[in-house]
Amino acid sequence: MPTINQLSSIGEVTSADQIPTYDESNGDTRKMSVLQLQDYMQDNLNLPNNSDEVNFLQAGTSAVERTVQAKLRDVVNVLDFGAVGDGVTDDTAAIQAAINYVQNNMTLNVSNGPYTGPQTLYFPDGYFKTTAPLLITKAISIVGSKSSEFSTGARLFSTTSGDLLRFTPAGGGVSFSVERMNLFSTVAGTGHLINVVDGSPGYNSWRVKDCCFQNPQQMAIRATGDDIQILNNTFDVSGYSGNCIQLGSNTAGDVASNVRIIGNNFFNITVHCILIYNAQGAVISNNIVSQPNSSTSSVAFVDAQDSSAALCYGSETYNALEFSNTCSNITISGNSINGSYGTKSIFNNIGTLTNINLVGNTFSGSGSGTAIVAGGMSGNVSGNIISGWTTPISA
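Residues numbered from 1 in each chain as written. Predicted model: local features only at pLDDT ≥ 70, side-chain atom pairs only at ≥ 80, totals over all residues. Heavy atoms only, no water.

Asker: How should I be thinking about the overall build of the chain in this particular structure?
Answerer: When you go through the chain residue by residue, the secondary structure sums to three helices and 37 strands. Residues counted as buried form 44% of the 395 residues belonging to the chain. Within the chain, residue pairs in contact and separated by at least 24 positions form 63% of the contacts whose partners lie at least 6 positions apart. As presented, the chain carries roughly 18,200 Å² of accessible surface, and 49% of it is formed by carbon and sulfur atoms. (Helix = DSSP H or I, 4+ residues; strand = E, 2+ residues; numbered from the N terminus. Buried < 20%, exposed > 50% of the residue type's maximum accessible area, 1.4 Å probe, protein only. Contact = heavy atoms within 4.5 Å. Areas by Shrake-Rupley, 256 points an atom, 1.4 Å probe, with all protein chains shown as cover.)

Asker: Help me understand unusual backbone geometry in this model?
Answerer: Negative phi values dominate among residues other than glycine, just as trans dominates among peptide bonds. We note that Asn215 has phi near 45°; this positive angle belongs to a residue other than glycine. Position of Asn215 relative to the elements: it lies in the loop between strand E19 (212-214) and strand E20 (221-223). With a phi angle near 55°, Asn232 is a residue other than glycine that sits in the positive phi range. Here Asn232 lies in the loop between strand E21 (225-231) and strand E22 (234-236). What makes Asn232 partly exposed here is its relative accessible area of 38%.

Asker: Help me understand the environment of Asn250, please; the structure alone is not making it clear to me.
Answerer: With respect to the helices and strands, Asn250 occurs in the loop between strand E23 (243-247) and strand E24 (256-262). With 27 residues separating them in the primary sequence, Asn250 and Tyr277 have C-alpha atoms 6.1 Å apart.

Asker: Quick question: what am I supposed to make of the pairing of strand E26 (residues 272-276) here?
Answerer: Taken across its five residues, E26 has five buried, putting it largely inside the fold. The pairing of E23 with E26 spans four bridges and is parallel. In the strand pairing of E26, Leu247 is matched with Ile276. (Pairing = 2+ DSSP bridges.)

Asker: What exactly am I supposed to notice about the pattern of salt bridges here?
Answerer: Note that side chains of opposite charge can pair when their charged atoms are close. Using the criterion set out here, one finds three salt bridges in the structure. Residues Asp163 and Arg166 are paired through a salt bridge, measuring 2.9 Å at the closest nitrogen-oxygen approach. Judged by its relative accessible area of 6%, Asp163 falls in the buried class. (Salt bridge = Lys/Arg side-chain N within 4 Å of Asp/Glu carboxyl O.)

Asker: Looking at this model, I keep getting lost on the nonpolar core. Mind explaining?
Answerer: Generally speaking, nonpolar side chains in soluble globular proteins are found buried as a group. Judged by nonpolar contacts, the single largest core of 65 residues is most densely connected at Leu165, Phe167 and Phe235. Here this core gets five residues from one element, more than from any other, and that element is helix H3 (residues 92-104). When sequence neighbours within four positions are dropped, the list of residues in contact with Leu165 reads Leu134, Ile136, Ile142, Leu156, Val178, Leu183, His192, Leu193, Ile194 and Asn195. (Core = buried A, V, L, I, M, F, W, Y, C linked by side-chain atoms within 4.5 Å.)

Asker: Is there a simple way to explain the confidence of the model for the chain in this structure?
Answerer: Interpretation of the predicted coordinates at a detailed level should be avoided for regions scoring low in pLDDT. Of all residues in the chain, 74% have pLDDT values of 70 or greater, and the mean over the chain is 78. In this model, residues 294-298 is a region of pLDDT below 50 whose contacts with residues beyond four sequence positions or in other chains number 12 contacts. The low-confidence segment residues 306-318, where pLDDT is below 50, has 33 contacts with residues more than four positions distant or belonging to other chains. (pLDDT = per-residue confidence, 0-100.)

Asker: Even after reading the chapter, I still don't get the packing of aromatic side chains, so can you show me in this structure?
Answerer: Evaluation of the coordinates by the stated rule reveals seven aromatic pairs. Here the aromatic rings of Phe167 and Phe176 are separated by 3.8 Å at their centres, their planes lie at 15°, and the arrangement is stacked. Look at Phe167 and you get buried, because its relative accessible area is 0%. Pairing Phe213 with Phe235 gives two aromatic rings, centres 5.0 Å apart and planes at 10°, and the pair type is stacked. (Phe/Tyr/Trp six-rings, centres within 6.5 Å; stacked < 30°, edge-to-face > 60°.)

Asker: Can you help me understand a nonpolar patch on the surface in this one?
Answerer: A grouping of Tyr40, Met41 and Leu45 is seen on the molecular surface, where their side chains present a nonpolar patch of about 300 Å² in accessible area. Take Met41: it is sitting in helix H1 (residues 34-44). The class of Met41 is partly exposed, set by a relative accessible area of 31%. (Patch = residues over 30% accessible without salt bridge, like charges linked within 9 Å, V, L, I, M, F, W, Y side chains within 5 Å.)

Asker: Just to check I follow, could you spell out the environment of Asp163 for this structure?
Answerer: On the secondary structure map, Asp163 appears in the loop between strand E13 (154-158) and strand E14 (165-167). Counting along the chain gives 29 residues from Asp163 to Leu134, while the straight-line C-alpha distance between them is 7.7 Å. Excluding its chain neighbours within four sequence positions, the residues that come into contact with Asp163 are Ala132, Pro133, Gly191, His192 and Asn195. A distance of 2.8 Å separates the side chain of Asp163 from the backbone nitrogen of His192, its partner in a polar contact. (Polar contact = N/O pair within 3.5 Å; in protein donor to acceptor, adjacent residues only side chain to side chain.)

Asker: Just checking my understanding: could you explain the state of the cysteines for this structure?
Answerer: Between two cysteines, a covalent bond joining their sulfur atoms is known as a disulfide. For the structure on display, the rule yields zero disulfides. With no disulfide of its own, Cys211 lies closest to Cys212 among cysteine sulfurs, the gap being 7.7 Å. Classification of Cys211 by relative accessible area gives buried; the value is 1%. Its sulfur unpaired, Cys273 is 5.2 Å from the next cysteine sulfur, which belongs to Cys244. (Disulfide = S-S within 2.5 Å.)

Asker: What exactly am I supposed to notice about the side chain of Ser141 here?
Answerer: Locating Ser141 in the fold gives a position in strand E12 (residues 140-144). Taking the relative accessible area as the measure of exposure, Ser141 reaches 15% and is therefore buried. Within the structure, Ser141 has its side chain in polar contact with the side chain of Ser177 (distance 3.0 Å). Residues within four places of Ser141 in sequence aside, it is in contact with Gln119, Thr120, Leu121 and Ser177.

Set out below in structure tokens:
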């Protein structure tokens, strides 16, 4: 009988292949199939069939054992639903299916209380192409693979006219977040990259953080709702509209309240950094405006529109901060704004303003007019550093 080293090797093993085995009951050697061996091992050695039969235990005192399947389902990956992320394949249906799964498998424990179930939708590195708006109606956290940069990370983009991410609340107490994503459009159109559509009630407590925005068709972020945080994002929106953030609109009920716009970088902007239609209580702080686009003679950092005004993209020359509506409880502090404004102002009050605080900002560049026109408003204008203007402040 040849030894095992003298036997010829076989190619791929199939379930029908036979192997010798000793039959104890008959005292002789017989054959059995690979499939029979597999069934025997599963029945007698308690081998797992899938991930719901393998346990996972987190390190640490009082950790609770769960299955590997439950652990893996904590976060839903868009690849789980067939998204490709190669920049060519249309991933709209796959991403929407992933969104629907996350939304439809969450449970609200008590009224306006915490949710249970998968709340995070994860995008790995890649270019994820869409051809229709992605619709979100419930609580969700959309997270990219890393702190977003223009050339790396999770890039989600629209190739048709319309919104990229459209948030329309289906009930009260609904929150969401978008973090570490690169969002952009490849065509001109009528949509926004993030459009939070006001509802009754609207979204309550939402956040956009550490994202990059490029070339929105209209606004990078159109914001309504309450308790809004727009933090540490980068806006480079010179293409198409040249607009970044809009608070509220001239439609009744479209209100943005308790807003924090902090630590953002506005780069190469052609029209608006922040356009205010209807905001009740806002802090705009520690933002940087650098290199306004040379094709525009003046860029608006904050522009408060009259409630009856229509949106105007790129057809006017703006003051850096212009308030022409009845605005209240707005704090603008610690921002750094650099640009050439010609005869325009950094801050121009032509409305009825209550408790407007313009404190500790740095304005550098050039202007032949008055830098800050603050007459007729209540609040505080102090500690601002102004260089390059003929007349710094007119009370």
